[in-house]
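Architecture at a glance
In case you want the letters, here they are:
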Amino acid sequence: MPVKGIINARIFTAAGDIFSNGCILWNPEGKILYVGEKRDLASDIEVQDVRGAWVVPGFIDAHTHLGIQESAVGDAGNDLCETGGSAVTPGMRAIDGIHFEDEAFNDALHSGVTTVMVLPGSSNVISGCGAIIKTAGKTCGERIVETVAGMKCAMGEMPKNEGKMRGRMPVTRMGTAYLLRRTLFETRNYLMNKEKNHLSEFNLDMEAMVPVLEKKMPLRVHAFRSDDIYTAIRIAREFQIKIIIEHGLEAYKVKELLKEDHIPVLFGTGLNWKYSNETKETTFSHVKELMDAGVEVSMITDHGCTPIQYLPLCAAMLTRAGISWEDALKTITIHPARALGLEGRIGSLEVGKDADISIFEHDPLAIGSGAVQVFIKGVQVW
């Protein structure tokens with residue numbers, strides 16, 4: 001198979017470079033070989049002239065429920081969270097509930113989204129592991145980037161409300177923190193016994209939590225309010241684990257702590273109405289406060305709270321809050337790539353990375369823009 005590419009493009013790499021008459025080439029394995037201004041090419045390279053189109057990295061949504069909260073099928077496609085028993089279910093895996101034919105994946109492609117993190121819901125204190133997948137590919141296996149890629153945890157109203165409805169813990173924020181802390185203590189003891197060959201039996205939930213304690217996998221903490229975010233930071237320091245703040249509508253109130261501990265914020269969804277006490281601080285201006293303080297922010301849709309196709313609109317709204325277009329682009333490209341630990345593979349158009357490329361006739365953050373072509377690992381999928 002020959003080397004392929006595109007020419008005569010306005011390329012925004014999300015890595016600091018902009019090429020007004022650019023060229024991207026990739027090899028048969030779908031890895032980028034060249035990004036830069038147009039140059040003379042060998043005759044056997046297959047190139048497409050995109051005639052001044054805007055070319056950006058494939059967009060990334062680092063917090064969705066695609067495939068486990070399916071579009072247009074109602075309850076039959078709702079596999080968000082296992083709430084019938086314990087509030088602590090770390091052994092659950094989102095990958096086991098994803099329907100790869102959910103029509104929302106096509107909606108994602110239409111807006112240039114090529115990679116998503118699919119997470120369990122937030123009704124449990126610990127709901128299970130998320131998965132990272134591409135939005136298109138020949139087979140399900142080909143689309144999976146990481147089967148297990150982050151442990152979902154929730155603070156605040158959702159686990160409390162579920163506890164009250166089920167007649168079990170937690171029914172307070174204290175109870176939520178207690179269950180999280182107890183699970184981390186139990187995992188620590190389990191790991192110590194495992195290392196000493198003193199285990200009486202294999203424990204699937206403890207095994208799932210071990211990578212969190214070993215800092216090999218972050219705890220993805222659903223937290224809107226500043227008090228919940230602060231509790232998550234305290235527990236992270238106590239157990240010396242890595243965390244990511246999901247939603248973070250009041251994260252600006254503790255921005256110094258987030259900066260100090262290098263904790264990223266996945267913000268959103270900013271397009272939702274202020275439906276509860278936890279969401280009354282929904283405003284894009286808080287993203288600017290976080291970014292000005294040096295906190296790395298990614299925009300998320302939390303699909304299906306906000307449909308996946310509005311991810312570029314979430315980034316576009318940041319420009320109204322005073323954030324530059326280039327920095328807004330980074331919140332749906334290189335920033336979420338870093339939050340997912342995949343900055344060496346996706347998130348920007350650079351040599352050696354996946355040829356995940358979205359092409360627009362006009363500004364991709366403009367309301368009327370839709371992707372005219374999308375490539376995943378060099379294969380045209382839209």
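One can find the structure itself at the top, above this paragraph.
What counts and how
Residues numbered from 1 in each chain as written. Predicted model: local features only at pLDDT ≥ 70, side-chain atom pairs only at ≥ 80, totals over all residues. Heavy atoms only, no water. Salt bridge = Lys/Arg side-chain N within 4 Å of Asp/Glu carboxyl O. Helix = DSSP H or I, 4+ residues; strand = E, 2+ residues; numbered from the N terminus. Buried < 20%, exposed > 50% of the residue type's maximum accessible area, 1.4 Å probe, protein only. Phe/Tyr/Trp six-rings, centres within 6.5 Å; stacked < 30°, edge-to-face > 60°. Lys NZ or Arg CZ within 6 Å of the ring centre and 35° of its normal. Contact = heavy atoms within 4.5 Å. Pairing = 2+ DSSP bridges. Core = buried A, V, L, I, M, F, W, Y, C linked by side-chain atoms within 4.5 Å. Axes fitted to C-alpha atoms, helices over the stretch in contact; angles between N-to-C directions. Expected span 1.5 Å × (residues − 1).

Within the structure shown, the criterion is met by 22 salt bridges. A salt bridge links Asp227 to Arg173; the shortest N-O distance between them is 3.8 Å. Remark: Arg173 occurs in helix α4 (residues 173–195) and Asp227 occurs in helix α6 (residues 226–239); sequence separation between them is 54 residues. Taking relative accessible area as the criterion, Arg173 reaches 23% and is therefore assigned partly exposed. Salt-bridge contacts for Glu238 lead to Arg181; the nearest nitrogen and oxygen are separated by 3.0 Å.

The full count for this structure, using the stated rule, is six aromatic pairs. Look at Phe185 and Phe239: their rings are 5.0 Å apart centre to centre, the planes differ by 75 degrees, and that puts the pair in the edge-to-face class. Taken together, the residues Phe185 in helix α4 and Phe239 in helix α6 connect sequence positions 54 residues apart. Take Phe239: its relative accessible area is 5%, and that puts it in the buried class. One aromatic cluster is present, formed by Phe12, Trp54 and Trp325 through successive ring pairs. The side chain of Arg10 reaches across the aromatic face of Trp54, ending 4.2 Å from its centre.

Leu311, Pro312, Cys314, Ala315, Ala316 and Leu318 are the residues of helix α9 (residues 311–320) that are buried. In this structure, the buried side of α9 is in contact with β6 (59–64), β7 (113–118), α8 (285–292), β15 (297–299) and α10 (325–330). In the segment just after α9, Gly322 is the residue with positive phi, at about 95 degrees.

Counting through the fold element by element, Thr83 comes out in the loop between β6 and α1 (104–110). Judged by its relative accessible area of 14%, Thr83 is buried. Once residues within four sequence positions are removed from consideration, Thr83 is found in contact with Ser123, Asn124, Glu162, Arg166 and Arg168.

By the secondary structure assignment, Thr114 is in strand β7. Thr114 gets classed as buried once you look at its relative accessible area, which sits at 1%. Setting aside its immediate chain neighbours within four residues, Thr114 contacts Gly58, Phe59, Ile133, Lys134, Thr135, Asp356, Ser358, Val374, Phe375 and Ile376.

Before going further, it helps to examine the pairing of strand β9 (residues 131–134). The alternating pattern of β9 places Ala131 and Ile133 on one face and Ile132 and Lys134 on the opposite face, and all of these are buried. Summarising the sheet, β7 and β9 pair through four bridges and their orientation is antiparallel. Bridge assignment links Met117 to a residue of β9, and that residue is Ile132. The sheet contact formed by β9 and strand β10 (residues 144–146) spans two bridges and is antiparallel. Residue Ile132 lies in a different strand from β10, and its bridge partner there is Glu146.

Here the focus is the nonpolar core. Counting residues in hydrophobic clusters, the biggest one holds 83 residues, and the most contacted among them are Ile243 and Leu258. Considering each element in turn, this core owes the most residues, six residues, to α6. In this view, Leu258 contacts Ile229, Ile233, Ile245, Ala251, Ile263, Val265, Leu290 and Val295; residues no more than four positions away in its chain are not counted.

In sheet architecture, strand pairing relies on hydrogen bonds along the backbone and comes in two forms, parallel and antiparallel. Here we have four strands laid out as an open sheet, ordered β6-β7-β9-β10, and mixed in their pairing. If you trace the sheet from one side to the other, it starts and ends with β6 and β10, each paired once. Going across the sheet, the axis of each strand differs from the next one's by a mean of 25 degrees, ignoring polarity. Sheet analysis places β6 next to β7, joined by four bridges and oriented parallel. Along β7, the bridge assignment pairs Ile60 with Thr115.

Looking now at the sheet that holds strand β14 (residues 265–267). Read across the open sheet, the six strands follow the order β8-β11-β12-β13-β14-β15; overall the sheet is mixed. Only two strands of the sheet have a single partner each, and these edge strands are β8 (126–129) and β15. Taken pair by pair, the neighbouring strands of this sheet meet at an average axis angle of 25 degrees, ignoring direction. Strand contacts of α8: β14 and β15, with the helix running at about 150 degrees to β15, the strand carrying the most contacts.

With that settled, the discussion passes to α6. Here α6 spans 20 Å end to end across 14 residues, near enough to the 20 Å set by a 1.5 Å rise per residue. What α6 keeps buried is the set Ser226, Asp228, Ile229, Thr231, Ala232, Ile233, Ile235, Ala236 and Phe239. Looking at the buried positions of α6, the neighbouring elements they touch are α4, α5 (204–213), β12 (219–223), β13 (243–247) and α7 (255–260). With its phi angle positive at about 55 degrees, Gln240 sits one or two positions after the end of α6.

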